Amino acid sequence: MSAAHDTPDVAIVGLGRVGLPLALSFADRGLTVLGIDRDGERLDAVAAGRMPFQETDADELIAQVHKRGRLSVSERVADAAQADAIVLTLGTPSFSHIEIDMRDIRSALDDLLPHLRPGHTIVLRSTIAPGTTDFVAGYLERQRGLRAGVEVHVAHVPERIATGKFLAEIDTLPCIVGAVESSDGGSASGEQVARLFEAFDAPIVQTTPVQAELAKIWANIVRYTQFALPNLLMMDCEQYGANVFEVIDLINRDYPRGGIAQPGFTAGTCLRKDFTFSEERSNAPGMLLAVSRVNESVPHFLVQGMKRRSPEQTLNGRKVAVLGLAFKGDTDDERDSLAHKLVRLLERELADVAVHDPLVASPTQTLEETLHEANVVVVAANHAAFEPRATRAAVGALAAPDALVVDPWNHLGSAQVFAFADELIPLGVEVRRS
Ligand SMILES: NC(=O)c1ccc[n+]([C@@H]2O[C@H](COP(=O)([O-])OP(=O)(O)OC[C@H]3O[C@@H](n4cnc5c(N)ncnc54)[C@H](O)[C@@H]3O)[C@@H](O)[C@H]2O)c1
């Protein structure tokens, strides 16, 4: 896999959680692919046919692609110019200034500039702020005199898959193509870019670059906001002594205009920053920041709830077991996880924090070590591995007899955000105490 092909069909710059599955998917459809990353360890893993992170069914796929020799790798962004089509799948974090951080994209473009030629296609697959595709087109013309829609093709084709579902969704989610076209109707860049993505079975929808950018970030804004509402309701219910799960049931049950989601930790690398790409030029400044504040407050809200229910209202010296470090269930992705924020807040309360997560790369303790004599148990990620009956039984057997169980996801099924371990018993679980 490491030997470079003479002329790859497509180059993918950034072999992260988006770029690597995309590179494998193109290779699986018969294209020769050059994958580029500056992370040498990642390249070594890919060159050896090994996934550097978890993605459903990707272990088998990378082994197959490796066997067929359709994916080569390089550390040099300039090598991408060997291919006619260059797809940028680099990270686009946000600055704390509420502004897109385009440094990786700018740096890759600068590496590519001397090597670009007429006929090249440049696809921005990363999530970007509105106006970025037009900026890139303008940058190429200004720096190299290559006009988008005439000499080169420039498009935003946003990645819309969810972590863990890449290989299923690449063939089903409509593929949005927002190409920069020349004002004289020139070279039909949209059609050119669409031909690349026709490798997949998903329908292709052509639009303008800015509409593609808005559609991508607003899909995530909708989710981020939808989850903030039950999280805010959870906090309001605590204030009024109400049960959020019962209120949600009252809202949704047989009501045609219901549909509120369940509370939980709402974060991850996309949701936590994509809204800032809208907020940087918002017509309602602060609205989405308030949404973010609600979701970001959930760990603090839980810590306050734990303190209120603890002897002398303190967590100082109390053992808190945190189950799950990933940003959501059934992923090993810890980036921008609120579980990490929870751990930091608990440590600042001088709690004795133990963590177990069977999926993540960070070292954690075993379930038994984590639960042993814990005063508080928090379900921070709703992994299927925390099977409800077995986990409740383990809490009953290992944690302190009066342990507080904190479960904003209702993953364990007690239908209470804060419940004492003995309140889990009536739910049909045999609790054995050692
Ligand atoms: N992760 C998701 O589920 C997801 C879903 C949809 C969209 N997106 C968007 O896709 C983009 C990529 O996200 P990701 O999660 O794959 O990021 P990532 O951080 O996992 O991957 C980026 C990769 O690019 C490499 N890289 C950075 N700068 C480089 C450079 N100058 N030269 C070569 N390699 C370089 C990094 O080493 C890394 O491997 C982001 O814009 C993100 O918002 C992500």
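Residues numbered from 1 in each chain as written. Predicted model: local features only at pLDDT ≥ 70, side-chain atom pairs only at ≥ 80, totals over all residues. Heavy atoms only, no water.

### Notes on the overall build of the protein
Rules: Only DSSP runs of H or I reaching four residues or more are called helices, and only runs of E reaching two or more are called strands; each is numbered from the N terminus. To sort residues, take the accessible area from a 1.4 Å probe on protein chains only and compare it with the maximum for the residue type: under 20% means buried, over 50% means exposed, and anything in between is partly exposed. Here, residues are in contact when the closest pair of their heavy atoms is within 4.5 Å. Per-residue and other accessible areas follow the Shrake-Rupley method at a 1.4 Å probe size, with only the shown protein chains counted as cover for residues. The charge count treats Lys and Arg as positive and Asp and Glu as negative. His and the chain ends do not count. Working definition for charges: the position is that of NZ of Lys, CZ of Arg, CG of Asp or CD of Glu.
Across its full length, the protein holds 14 helices and 15 strands. Each principal axis of the C-alpha distribution contributes one length, and for the protein these read about 70 × 50 × 40 Å. Here the protein holds 434 residues, and the buried ones make up 52% of them. Once local pairs closer than 6 in sequence are excluded, the contacts in the protein between residues at least 24 apart make up 74%. Here the protein has roughly 19200 Å² of accessible surface; of this, 49% comes from carbon and sulfur atoms. Mean positive and mean negative side-chain charge positions of the protein (41 and 59 charges, respectively) differ by 2 Å.

### Structural notes on the pattern of salt bridges
Worth spelling out the cut-off: Basic side-chain nitrogens of Lys or Arg form a salt bridge, by our definition, when they fall within 4 Å of a carboxyl oxygen of Asp or Glu.
In this structure the tally under the stated criterion is 20 salt bridges. Linking Arg76 and Asp79 is a salt bridge whose minimum nitrogen-to-oxygen distance equals 3.1 Å. Between Glu238 and Arg309 there is a salt bridge, with the nearest N and O atoms lying 3.0 Å from each other. Highlighted residues: Glu238 in helix H8 (residues 209–240) and Arg309 in the loop between helix H11 (287–308) and strand S11 (319–323), separated in sequence by 71 residues. For Glu238, a relative accessible area of 23% corresponds to the partly exposed category. For Arg309, a relative accessible area of 29% puts it in the partly exposed group. Residues participating in the shared-partner salt-bridge network are Arg17, Asp332, Asp333 and Arg335.

### Notes on a nonpolar patch on the surface
Definition in use: Patch definition: residues above 30% relative accessible area lacking any salt bridge, with like charges linked at up to 9 Å and the nonpolar side chains Val, Leu, Ile, Met, Phe, Trp and Tyr linked at up to 5 Å.
Nonpolar side chains collect at one region of the surface, where Val210, Leu214, Trp218 and Val222 lie side by side and expose about 310 Å² of accessible area between them. Structurally, the position occupied by Val210 is in helix H8. Judged by its relative accessible area of 33%, Val210 is partly exposed.

### Structural notes on the sheet that holds strand S7 (residues 121–124)
The strands that make up a sheet pair up through hydrogen bonds in the backbone, lying either parallel or antiparallel. Defined as follows: Any two strands with at least two DSSP-identified bridges between them are counted as paired. Lines fitted to C-alpha atoms define the axes here, with helix axes fitted over just the stretch in contact, and angles between the N-to-C directions of these axes take values from 0 to 180 degrees.
Strands sit in the order S3-S2-S1-S4-S7-S8-S9-S10 across an open sheet of 8 strands; the sheet is mixed. Since the sheet does not close on itself, it has two edges, and those belong to strand S3 (71–74) and strand S10 (204–207), each with one partner. Going from strand to strand, the sheet's axes swing by 25 degrees on average, the running direction of each strand aside. Where strand S4 (residues 85–88) lies against S7, 4 bridges are found, and the strand directions are parallel. Residue pairing for S7: Val87 is matched across the bridge by Val123. Sheet strands in contact with helix H5 (residues 132–144) are S7, strand S8 (153–156) and strand S9 (175–179), and its direction is about 160 degrees off that of S8. Of the strands in this sheet, S8, S9 and S10 touch H8, which is tilted by about 140 degrees from S9.

### Thoughts on the domain arrangement of the protein
Accessible area lost on assembly of the parts is the figure often given for the size of an interface. We count it as follows: An automatic or database domain assignment supplies the start and end points of every domain. The buried area of a pairing is the accessible area, by a 1.4 Å probe, that goes missing from both parts when the two are put together, added over both.
Each assigned domain of the protein is listed with its residue range as follows: domain 1 (10–210) and domain 2 (241–427). Spacing between the C-alpha centres of domain 1 and domain 2 amounts to 35 Å. Tallying the contact residues gives 15 residues for domain 1 and 15 residues for domain 2. Summed over both partners, the interface of domain 1 with domain 2 comes to about 1300 Å²; 53% of that surface belongs to carbon and sulfur atoms. Contact with domain 2 buries area across many residues of domain 1, yet Arg17, Gln54 and Ile98 alone supply 42% of it, more than any other trio. At the boundary of domain 1 with domain 2, the tally comes to 2 salt bridges.

### Quick look at the site of the ligand
Test applied: Whether a residue is near a molecule or strand is decided by its heavy atoms; if any one of them lies within 4 Å of it, the residue is near. Contacts described as polar in this section are N or O atom pairs within 3.5 Å, which, within protein, must combine one atom able to donate a hydrogen with one able to accept it, while residues neighboring in sequence count only if both atoms come from side chains. Gly falls in the polar group here, along with every residue not listed as nonpolar (Ala, Val, Leu, Ile, Met, Phe, Trp, Tyr, Cys, Pro) or charged (Asp, Glu, Lys, Arg).
Inspection of the region around the ligand gives 25 residues, with Val18, Asp37, Thr92, Thr127 and Lys273 positioned closest. Between the ligand and the protein, one listed contact pairs an oxygen atom with a backbone N or O atom of Thr127 at 3.0 Å. Separating an oxygen atom of the ligand from a side-chain N or O atom of Lys273 is a distance of 2.6 Å. Contact with the protein chains covers 90% of the free accessible surface of the ligand, which is 830 Å². Looking at the shell around the ligand residue by residue, the class counts come to 6 nonpolar, 9 polar and 10 charged. Counting contributing residues, the shell around the ligand receives three or more from each of domain 1 (10–210) and domain 2 (241–427).

### Focus on unusual backbone geometry
Positive phi values are uncommon outside glycine, yet Ile98 reaches one of about 60 degrees. One can find Ile98 in the loop between strand S5 (94–95) and strand S6 (99–100). Looking at Ile98, the relative accessible area reads 26%, which means it is partly exposed. Here the phi dihedral of Asp330 falls at roughly 60 degrees; this positive angle occurs in a residue that is not glycine. When you line up the elements, Asp330 lands in the loop between S11 and helix H12 (338–348).

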